[in-house]
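# Inside the fold
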Amino acid sequence: MMEFHDVHASYDAVVALHGISFEVKKGEIVCLLGANGAGKSTTLRLISGLIHPKKGEISFNGQNIHNMSPESIVKLGISHVPEGRRVFPGLSVTDNLVLGVSNRTNVSKQELKKDINEIFNLFPDLKRLQNALGWTLSGGQQQMLAIARGLMAKPKVLLMDEPSLGLAPIVVQEVFRTIEHINKNMGTTVLLVEQNASMALAISDRGYVMETGEIVFQGMAKELLNNPEVQSAYLGGRVKGGCNNEFS
Ligand code: ATP
């Protein structure tokens, strides 16, 4: 479905990716793991067309997308839930959701209402808070709203950048359960960027571990969780215990 082939990326003189190759297959949850600065967010920015590679190819369903604009990429069915949630603080929950359909043309009022109701069934908290302004929501509620807004685009692939960032462990578990539900029940493919390696691997099919712009480990999520090198370097030597096993 999505493939990176020898992709290099830089910000002026700063080289962020030194030629990475990986794939995401339809229906999978794939996680990109790694410490700060490893190149995870850069990888998502490349897919969404926010930056373009210096070299290499990115394809989606066989089509090269690495020179396309963000607008064209969203229209292909790729939706990016950015790090830091970025909900619109002065808009209500419902108005934030409405902005999520901007990639779809000719959405009737009826269709919009139906889609919002489906989202409210999936996120009952957002239904209760539908008239609340973005800034009044808790961090967890804002994260749910950011995911929900991403879903309003009816994406084939959801790119999620650090959904656990800054959230309490119990909220993190809820967010990850929601991601798993979306994947299993709505058939949405997910590419998940996380520093919380154990939580991400627990819901993923496969994973890639990045270090300073390169992929250093890859495999099935279970294999990575049980790999002694990955455990000691990236899981704090422990694989159980969930949210404490973050990169430092
Ligand atoms: P984090 O979890 O901190 O976001 P990351 O794995 O997502 O880490 P990136 O944000 O992709 O890493 O950063 C990869 C490299 O590119 C780092 O060396 C970083 O300093 C650099 N970088 C990222 N964004 C910019 C930018 N806008 N300008 C210059 N350098 C940047």
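Scroll up to find the structure this text is about.
Note on numbering: residues in each chain are counted from 1, in written sequence order. For this predicted model, a pLDDT threshold of at least 70 governs which residues receive local features, and a threshold of 80 or more governs which side-chain atom pairs are given and counted, while totals over whole chains, interfaces and linings are taken from all residues. Working from all heavy atoms in the structure, the side-chain values ignore hydrogens and water.

## Some remarks on the sheet that holds strand β7 (residues 157–161)
Here the rule is simple: two strands pair whenever DSSP picks up at least two bridges between them. Note on conventions: DSSP H or I runs of at least 4 residues are helices, E runs of at least 2 residues are strands, and numbering of each starts at the N terminus. Taken together, 6 strands build an open sheet; the order of strands is β6-β7-β8-β3-β9-β10 and the sheet is mixed. Strands at the two margins of the open sheet, each flanked by one partner only, are β6 (78–81) and β10 (214–220). Sheet twist, expressed as the mean angle between neighbouring strand axes with direction ignored, is 15°. Of the strand pairs in this sheet, β7 and strand β8 (residues 189–194) are connected by 5 bridges, and their pairing is parallel. Across the sheet, the residue bridging to D161 is V193, located in β8. For helices, the fitted axis covers only the stretch in contact; all axes are lines through C-alpha atoms, and the angles between them, taken along N-to-C directions, range from 0 to 180 degrees.

## Quick notes on the environment of L191
Tracing the backbone shows L191 in strand β8. Throughout, exposure labels follow a simple rule: accessible area from a 1.4 Å probe, protein chains only, divided by the maximum for the residue type, with under 20% read as buried, over 50% as exposed, and the rest as partly exposed. Relative accessible area serves as the criterion here: at 0%, L191 is assigned to the buried category. Spatially, the C-alpha atom of L191 lies 5.0 Å from that of V30, the residues being 161 residues apart in sequence. For this analysis, residues touch if any pair of their heavy atoms sits within 4.5 Å. When residues no more than four places from it in sequence are discounted, the contact partners of L191 are F22, V24, V30, L32, L44, I47, L158, L159 and M160.

## Details of the environment of I65
Turning to its location among the elements, I65 is positioned in the loop between β5 (63–64) and α2 (70–75). In this structure the C-alpha to C-alpha distance between I65 and L46, which are 19 residues apart in sequence, comes to 9.3 Å. Excluding anything up to four places from it in sequence, I65 contacts I47, I58, S59, F60, I73, L76 and I78.

Everything listed here is a matter of coordinates, which is why it stays silent on function.
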